[in-house]
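Chain by chain, the residues run as shown.
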Amino acid sequence: MIWIDLRDRYGYTQLALERSQTSAELLKKVEALGKEWVIQIHGKVIQREAPNPKLPTGEIEVQVQSLSHISRSKLPPFLIEDETDGGEELRMNYRYLDLRRPRLQQHLQLRHQVVQAFRSYLDKCNFLEIETPMLIRSTPEGARDFLVPSRLQKGSAYALPQSPQLLKQLLMVSGMDRYYQLARCFRDEDLRSDRQPEFTQLDAEMSFLRQEDILSLFEEATRHVFQVVKGISLPTFQRISYEDCCEKYGTDKPDLRMDLALHPFKELVTGRGFDLFDHAEGVLGMVIPGGATYTRKQIQKLEDLLSSKFEDKKRLIWVRFKEDGPRSSVDKFYPPEVLRSWGERVKLNTGDLLILAGGDPPQTRHMFSFLRQHILEEKYPLLSKDFAPLWVLDFPLFYESEGRLQSTHHPFTRPREEDIKTLSNPKRLKSQAYDLVINGIEIGGGSLRIHEHDVQREVLKILGFSAQEQKKHFGFFLRALEYGAPPHGGIALGIDRLCALLGGQRFIKDFIAFPKNTAGKDLSLESPDQIPQKTWETYGLHRPPSRSPHAKL
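Okay, so let's go over this structure. None of these values were measured; they are calculated from a predicted model.

### Some words on the layout of surface pockets
1) Next: In this model, the second largest pocket occupies a volume close to 970 Å³.
2) Next: Taken together, 28 residues form the lining of the second largest pocket, with Phe 146, Leu 147, Pro 528, Asp 529 and Ile 531 sitting closest to its centre.
3) Next: Listing elements by their share of the lining of the second largest pocket, those giving two or more residues are β6 (147–149) and α16 (533–538).
4) Next: Here the element with the most residues in the lining of the second largest pocket is β6; it accounts for three residues.
5) Next: Of the residues that constitute the lining of the second largest pocket, the class distribution is 14 nonpolar, six polar and eight charged.

Dropping the structure here:
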């Protein structure tokens, strides 16, 4: 017998030939076959004698009656299998071969299912899918733009959209009260595992509604996607204020699959001669349920992990609560009755572990946030079906950076209604903004928008834009607000991040057909590419001098 594995997007199909019943011509074609050749066969589908339950087609095979060579293939530079022998850079160079691997094909199928599930849900909710331009003007509202020089207007350039923010608000002014699109967005930023220079977001905007309407609708839309794509029923979406998030978890995007909240301990631990706590500006504690089984070696590993992440060496004080009473690394300073009072403060159970650390409060919260995420990732594997969605609410409208105020989200975010009239004390203003966080990953965010012309001007003024600068950068938008803008708001959800979460993977590039590497290059397309001098001149530009790898910096 001769066996051939035939692979396509739908899986593997086993082909079978019996030598004694196969013509010499057909045998010659079969014996010439190489890996990754494209073929066409005719045959008879029959029941397998030895079924393979691991394959969708494992119950059948095809008796080959004729075979044609459609296209020959060179020997691939790596195995076209899920457990491949190709390194990442090699596979990125041959992305079209990498995408033949079943796992990556499944990832792109999942992405398709996510997009279709959103489309079907929003269509039922009377949304219109409207495309907005890719060539727009640059506005100083966020990250660095990708610019596209204009040949017809020499010296001028378009910008690729960081998001369709102002465009979708203009659609609300036009009367399109429910809009969405699968928007391509571009930001010239340094890359991370969850960020690419171009990405896709589900972008939506609605008119004549409250914040609660948006939260409810997109909570149900997210439930719909999880149910349709993975058969998962999401639990109740928790709601936590930005301030409470930072106080309790040290981050504005906490993973709540375990509580692991932070507790203030400064007043309970000082005055007993333990210098580390007595001289600390703040002391925080975190309970690890069932963590009393942690050995000293395991706790030392946590300290080493923190020291590798943060500049100074970190020391963790631990208290184990066992049936025979509490034991700690500082028994010399704190007797059992004091340790018990700590346990009562944070409602510890027998078998739990309490970890404490002292230092600058913001840095200590940041440290504990990193530590709690590490512990959660050890407990919950990536493919876990445990999901903890939440809305983070009441973000500050502004934050201070480099001596001036910046927008926490963007300059068009609406302040709370009680602050609209005065906008006094900008540092204390709260916004009507919200983020959707699932398992510590920011899936998306949005806000109600400013629809009053005078309020928008005042917010831009607070951000440091003079009247002339407002007219230069935002004149087209401010003019539109003078023609009757409805109350409106919206949201944008990151499709790449959501797909990675649903697929149980860390990297969004596995769910993008042709991603960029950490240097912003597409190795398979060999882009970006050098532009000839003549092309620069066509756009009225001068070619920048190339930097030799041997040039002095």
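From this point on, the discussion continues.
### Looking at the pattern of salt bridges
1) Next: With the rule as written, the count across this model stands at 30 salt bridges.
2) Next: As a salt-bridge pair, Asp 496 and Arg 111 come within 2.6 Å of each other at their nearest N and O atoms. With Asp 496 in helix α15 (residues 495–502) and Arg 111 in helix α4 (residues 102–124), the pair connects residues that are 385 residues apart, well separated along the chain. For the pair Asp 496 and Arg 111, one class covers both residues: buried.
3) Next: Notably, a salt bridge pairs Arg 345 with Glu 267, separated by 2.9 Å at the nearest N-O pair. One end of the pair, Arg 345, is in helix α11 (residues 336–345); the other, Glu 267, is in helix α8 (residues 266–269), with 78 residues separating them in the sequence.
4) Next: Beyond isolated ion pairs, a larger network of salt bridges with shared partners links Arg 91, Arg 95, Asp 98 and Arg 101.

### Some points on the side chain of Ser 207
1) Next: Residue placement: Ser 207 occurs in strand β9 (residues 198–207).
2) Next: A residue is classified by how much of its surface remains accessible, and Ser 207, at 9% relative accessible area, is buried.
3) Next: Ignoring any residue separated from it by four or fewer positions in sequence, one finds Ser 207 in contact with Met 172, Asp 177, Pro 486, Pro 487 and His 488.

### Side note on the packing of α4 against α15
1) Next: Look at α4 against α15: their axes get within 10 Å of each other, and the N-to-C directions meet at 120°. In this view, α4 runs oblique relative to α15, as classed from their interaxial angle. When you trace α4 past α15, the crossing you get is right-handed. Mapping the contact onto sequence places Leu 110, Arg 111, Val 114, Val 115 and Phe 118 in α4 and Ile 495, Asp 496, Leu 498, Cys 499 and Leu 502 in α15.
2) Next: Its residues assigned to classes, the contact of α4 with α15 shows eight nonpolar, no polar and two charged.

### Side note on the environment of Ile 375
1) Next: Note on placement: Ile 375 falls in helix α12 (residues 361–379).
2) Next: On a C-alpha basis, the gap between Ile 375 and Leu 260 in space is 9.5 Å, while along the polypeptide they are 115 residues apart.
3) Next: Setting aside residues up to four positions removed in sequence, Ile 375 forms contacts with Leu 260, Met 286, Ile 288 and Tyr 294.

### Regarding the side chain of Ser 524
1) Next: Mapped onto the elements, Ser 524 comes out in the loop between α15 and α16.
2) Next: Side-chain polar atoms of Ser 524 contact the side chain of Asp 522, separated by 2.7 Å.
3) Next: If we skip the residues at most four places from it in the chain, Ser 524 touches Met 92, Asn 93, Arg 95 and Phe 514.

### Regarding a nonpolar patch on the surface
1) Next: Taken together, the side chains of Leu 90, Tyr 94 and Tyr 96 present a nonpolar region at the surface, about 270 Å² in accessible area.
2) Next: Take Tyr 94: it is sitting in the loop between α2 (88–93) and α3 (95–98).

### Points about the sheet that holds strand β15 (residues 353–359)
1) Next: Spatial strand order, β11-β12-β15-β13-β14: five strands in an open sheet with antiparallel pairing. Where the open sheet ends on each side, the last strands, each with one partner, are β11 (262–264) and β14 (325–328). The sheet shows a mean angle of 25° between the axes of neighbouring strands, taken without regard to direction.
2) Next: In terms of strand pairing, strand β13 (residues 317–322) meets β15 through four bridges, oriented antiparallel. Each bridged residue has a counterpart across the sheet, and for Val 319 the counterpart in β15 is Leu 354.

### Looking at the pairing of strand β19 (residues 433–438)
It is a general feature of regular strands that their side chains alternate between the two faces of the sheet.
1) Next: With six of six residues buried, β19 lies mostly within the body of the structure.
2) Next: Alternating residues of β19 divide into Ala 433, Asp 435 and Val 437 and Tyr 434, Leu 436 and Ile 438, and every residue in both groups is buried.
3) Next: As paired elements, strand β16 (residues 389–393) and β19 share five bridges and run antiparallel to each other. Pairing of Pro 389 across the sheet is with Ile 438, part of β19.

### With respect to the sheet that holds strand β1 (residues 2–8)
1) Next: Read from one edge of the open sheet, four strands run β1-β2-β4-β3, paired in mixed fashion. Of all strands in the sheet, those bounded by a partner on one side alone are β1 and β3 (38–47). Averaged over all pairs of adjacent strands, the angle between strand axes in this sheet comes to 40°, irrespective of strand direction.
2) Next: Pairing of β3 with strand β4 (residues 60–71) involves ten bridges; the strand directions are antiparallel. Looking across to β4, one finds that Ile 41 is bridged to Leu 67.
3) Next: The sheet contacts of helix α1 (residues 24–31) involve β1, β2 (11–17) and β4, and relative to β4 the element is tilted by about 75°.

### Focus: the environment of Glu 311
1) Next: With respect to the secondary-structure elements, Glu 311 resides in the loop between α10 (296–309) and β13.
2) Next: For Glu 311, a relative accessible area of 86% puts it in the exposed group.
3) Next: Considering only alpha carbons, one finds Glu 311 and Pro 426, 115 residues apart in sequence, at a separation of 33 Å.

### Considerations on the state of the cysteines
1) Next: If you walk through the whole model with that rule in mind, you get zero disulfides.
2) Next: Summary of cysteine pairing: Cys 185 is not part of a disulfide, and the nearest cysteine sulfur, belonging to Cys 499, is at 15 Å.
3) Next: Overall, the relative accessible area of 0% leaves Cys 185 in the buried class.

About the criteria used
- Residues numbered from 1 in each chain as written.
- Predicted model: local features only at pLDDT ≥ 70, side-chain atom pairs only at ≥ 80, totals over all residues.
- Heavy atoms only, no water.
- 1 Å grid on protein atoms, 1.4 Å probe; cavity = no way out; pocket = protein on both sides within 12 Å on 5 of 7 lines; lining within 4 Å.
- Points joined across faces, edges and corners; volume = space filled by probe spheres on them.
- Helix = DSSP H or I, 4+ residues; strand = E, 2+ residues; numbered from the N terminus.
- Nonpolar A, V, L, I, M, F, W, Y, C, P; charged D, E, K, R; others polar.
- Salt bridge = Lys/Arg side-chain N within 4 Å of Asp/Glu carboxyl O.
- Buried < 20%, exposed > 50% of the residue type's maximum accessible area, 1.4 Å probe, protein only.
- Contact = heavy atoms within 4.5 Å.
- Axes fitted to C-alpha atoms, helices over the stretch in contact; angles between N-to-C directions.
- Parallel < 35°, antiparallel > 145°, perpendicular 65-115°, else oblique.
- Left-handed = near helix turned anticlockwise from the far one by under 90°.
- Polar contact = N/O pair within 3.5 Å; in protein donor to acceptor, adjacent residues only side chain to side chain.
- Patch = residues over 30% accessible without salt bridge, like charges linked within 9 Å, V, L, I, M, F, W, Y side chains within 5 Å.
- Areas by Shrake-Rupley, 256 points an atom, 1.4 Å probe, with all protein chains shown as cover.
- Pairing = 2+ DSSP bridges.
- Disulfide = S-S within 2.5 Å.

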